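Listed below are the residues making up each chain.
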Amino acid sequence: MNFDYFFQLFLGGLTRGSIYALIALGYTMVYGIIELINFAHGEIYMIGAFTALIVIGVLTFAGWNGTAVLVIAAIVAMLYAAAYGWTMEKIAYKPLRKAPRLSALLSAIGMSLFLQNYVRLAQTANFLPFPNLIPDFAFLKPAARFIRPSEIVIYATTAIVMAGLTLLIKFTRMGKAMRATAQDREMAQLLGVDVDRVISTTFVLGSATAALGGVLIASHVGQINFYIGFLAGIKAFVAAVLGGIGSLPGAVLGSLVLGWTESFFTGYVSSDYEDAFAFLFLVLILIFRPSGILGRKAMEKV
Amino acid sequence: MADMAAPALEVSQVTMDFGGLRAVERVDLVVRPRETVALIGPNGAGKTTLFNCITGIYSPTQGRIQLTAADGRVMALKGLKPNQVTECGIARTFQNIRLFQNMTVLENVMIGRHCRLRSGIFSAILRTSAMRREEAQVVKESYRLLQRFGLARHVNEFAKNLPYGAQRRLEIARAMATEPSVLLLDEPAAGMNAQETQELVTMINQLKASEGLAILLIEHDMRLVMQLSDRIYVMDYGKLIARGTPQEISRDPAVIKAYLGEEEQ
């Protein structure tokens with residue numbers, strides 16, 4: 001067995017996995033709080049990438065360049081996407097909070113289609129090039145054969161975001177309110193927790209995370225269009241379910257497992273059936289471990 | 001008797017309809033500070049529905065619910081969200097235990113304390129020093145509260161691992177963490193043995209004495225009701241059918257017919 005090749009596939013899988021994780025974290029957080037599969041989450045990721053592209057265009061036109069542009073673009077994208085997430089919850093999900101779950105799910109699918117087509121009409125249906133503004137780190141030169149600078153940034157960001165969210169949920173007041181709301185919304189409310197605010201915050205955090213993912217992945221891949229959110233969203237959903245939906249560590253673990261599965265399968269078997277294999281894997285996991293890898297026992301919602 | 005004191009909680013002509021079903025019909029009820037009032041009645045009489053109306057889970061179809069704080073402020077509760085009702089000063093427990101099972105005992109109580117704090121969400125995320133001081137204060141107060149309820153040695157255990165009696169006590173401790181002026185207890189003695197029930201009586205009497213608390217409780221254990229209550233309201237089919245002292249209620253023919261009669265035969 002060729003070790004170089006194996007290592008390449010391993011890192012490729014790690015990159016994919018980290019990308020899925022950035023999206024899956026928001027997915028699983030929202031599910032943890034209100035048990036809604038937010039199908040429009042992938043679209044928020046796409047909107048983040050588009051926002052960043054526009055900001056980069058404007059700043060470049062104004063004569064700026066370099067990493068600062070990317071940082072500013074990422075921050076603006078996160079804020080803008082957070083506003084989208086907040087608004088989306090208010091208009092598409094909040095009115096349906098007491099309705100049967102299927103209604104909210106349909107509303108989510110509608111939201112997803114609406115946002116896709118809105119971006120297609122407002123922007124373009126074509127692929128747009130996304131500039132790579134991630135610097136060439138000097139320390140990566142020796143490993144240039146295996147790993148690109150954008151990949152290092154993606155790994156680091158995923159790790160930081162995961163750690164940050166975990167700390168937030170474990171130790172802050174908002175985190176406690178989120179866990180309480182996830183376990184028993186009515187009881188949390190009766191103890192003075194403003195659950196509307198908790199749910200809004202969850203959407204804001206999840207959307208900002210997704211937008212950050214959108215910016216990094218667009219930098220890595222080099223192009224975007226209005227449809228990128230769809231498959232990314234579905235894959236992140238698969239990853240979240242694999243890991244045990246509602247659990248943050250589960251989302252990351254599920255994403256990595258999915259990333260490696262796809263990478264090794266593509267590398268050793270065939271790249272034609274990459275997505276088919278990812279979903280086949282999901283079916284197998286769900287048959288043998290219906291509550292995901294981190295199972296119900298170990299899983300703590302949110 | 002505290003009959004002369006101004007009521008802490010005043011429910012006037014409250015009606016609650018679900019579609020064509022009238023679950024609560026024109027109920028009047030008052031609870032005064034330092035008073036324990038029992039609400040009794042057969043299953044399905046509308047007692048828990050009335051609790052849900054008071055705490056903002058349901059918005060009553062008609063009527064008025066008013067809370068007077070210790071400092072004399074008068075607040076209309078109808079139409080408020082449950083968390084706003086809690087902020088006004090009403091706390092509640094449920095007949096089935098509804099602790100946050102996957103959180104520690106301390107965290108359960110801290111959640112209740114948080115509604116009394118100032119710092120907003122941004123300082124909570126940024127962890128400013130004022131916010132940190134406040135949080136340390138919350139931990140201290142929560143710990144003191146747990147001590148009072150005999151739960152100090154369980155602080156860092158998950159709520160789900162506590163013995164039954166301790167879980168019940170924790171529910172009341174958590175409710176008290178919100179600093180209520182009125183405490184609603186929905187069948188607090190459900191599932192308790194004789195000794196645990198006796199401890200509960202002691203605890204409720206202490207709460208009443210030390211905090212000037214007004215307590216409204218739903219209970220099926222008649223001995224407990226007679227022992228604890230200053231006054232009793234009786235509901236049947238959504239309506240109040242009697243009110244009075246325990247002695248009066250135990251002699252009331254309508255009550256005996258609707259409720260007590262079955263137990264005494």
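Residues numbered from 1 in each chain as written. Chains lettered and ligands numbered in written order. Predicted model: local features only at pLDDT ≥ 70, side-chain atom pairs only at ≥ 80, totals over all residues. Heavy atoms only, no water.

*Asks:* Break down the overall build of chain B for me, citing the residues and quoting the values.
*Replies:* Of the regular secondary structure elements, chain B holds ten helices and ten strands. Compactness check: chain B gives a C-alpha radius of gyration of 19 Å against a globular reference of 18 Å for 265 residues, within 12% of the reference. A total of 265 residues make up chain B; the buried ones form 56% of that total. Of all intrachain contacts in chain B linking residues separated by at least 6 positions in sequence, the fraction that spans at least 24 positions is 69%. Summed over all atoms, the accessible surface of chain B reaches about 11900 Å², with 50% contributed by carbon and sulfur. Distance between charge centroids for chain B: 6 Å, based on 32 positive and 29 negative side chains. (Helix = DSSP H or I, 4+ residues; strand = E, 2+ residues; numbered from the N terminus. Rg over C-alpha atoms; globule rule 2.2 N^0.38 Å. Buried < 20%, exposed > 50% of the residue type's maximum accessible area, 1.4 Å probe, protein only. Contact = heavy atoms within 4.5 Å. Areas by Shrake-Rupley, 256 points an atom, 1.4 Å probe, with all protein chains shown as cover. Lys, Arg positive; Asp, Glu negative; His and termini not counted. Charge placed at Lys NZ, Arg CZ, Asp CG, Glu CD.)

*Asks:* Can you explain the nonpolar core? Please cite residues and give values.
*Replies:* Taken as a class, soluble globular proteins show a tendency for nonpolar side chains to be buried jointly. Membership of the largest hydrophobic core comes to 102 residues, with the highest contact counts inside it found for A:Met88, A:Tyr93, A:Met178, A:Phe203 and B:Phe100. The leading source of residues in this core is helix α1 (residues 3–34) of chain A, at 15 residues. Excluding anything up to four places from it in sequence, A:Tyr93 contacts A:Leu36, A:Asn38, A:Ala40, A:Met88, A:Ala104, A:Ser107, A:Ala108, A:Met111 and A:Phe203. (Core = buried A, V, L, I, M, F, W, Y, C linked by side-chain atoms within 4.5 Å.)

*Asks:* Please give an account of the sheet that holds strand β3 (residues 36–40) of chain B that cites residues and values.
*Replies:* Residue and element names in this part refer to chain B. The sheet built from six strands is open, its strands ordered β6-β7-β8-β3-β9-β10 with mixed pairing. Two strands close off the open sheet at either side, each with one partner strand: β6 (90–93) and β10 (239–244). Going from strand to strand, the sheet's axes swing by 20 degrees on average, the running direction of each strand aside. Note that β3 and strand β9 (residues 231–236) share four bridges and pair parallel. Bridge assignment links alanine 38 to a residue of β9, and that residue is isoleucine 232. Contacts from helix α1 (residues 47–54) reach β3, β6, β7 (182–186), β8 (214–218) and β9 within the one sheet, and its direction differs from that of β8 by about 145 degrees. Sitting on the sheet, helix α6 (residues 164–176) touches β6 and β7, and the angle it makes with β6 is about 165 degrees. (Pairing = 2+ DSSP bridges. Axes fitted to C-alpha atoms, helices over the stretch in contact; angles between N-to-C directions.)

*Asks:* Provide a residue-level description of the interface of chain B and chain A, including the pertinent values.
*Replies:* With 31 residues of chain B at the contact, the number on the chain A side is 24 residues. Surface buried jointly by chain B and chain A totals about 2500 Å² across both partners, of which 60% is contributed by carbon and sulfur atoms. For A:Asp196, the salt bridge is made with B:Lys81, and the minimal N-O distance between the two is 2.8 Å. Here chain B is connected to chain A by ten residue pairs in polar contact (both at pLDDT 80 or more). Where the side of chain B that touches chain A is concerned, the elements lending two or more residues are α2 (82–88), α3 (105–114), α4 (121–126) and α5 (129–148) of chain B. Among the elements that line the side of chain B that touches chain A, the one with the most residues is α3(B), at five residues. Residue composition of the side of chain B that touches chain A, grouped by class: 13 nonpolar, nine polar and nine charged. (Buried area = accessible area lost by both parts, 1.4 Å probe. Salt bridge = Lys/Arg side-chain N within 4 Å of Asp/Glu carboxyl O. Polar contact = N/O pair within 3.5 Å; in protein donor to acceptor, adjacent residues only side chain to side chain. Nonpolar A, V, L, I, M, F, W, Y, C, P; charged D, E, K, R; others polar.)

*Asks:* Residue-level account of the confidence of the model for chain A, with values.
*Replies:* In this model, chain A carries a mean pLDDT of 89, and residues with pLDDT of at least 70 account for 97%. Looking at the elements of chain A, mean pLDDT is at its lowest for helix α11 (residues 274–288) of chain A, recorded as 83, and at its highest for helix α3 (residues 67–93) of chain A, recorded as 95. (pLDDT = per-residue confidence, 0-100.)

*Asks:* Can you break down the state of the cysteines residue by residue, with the values?
*Replies:* Counting across every chain of the model gives zero disulfides over all chains. Of the cysteine sulfurs around B:Cys115, a residue in no disulfide, the closest is that of B:Cys88, at 10 Å. (Disulfide = S-S within 2.5 Å.)

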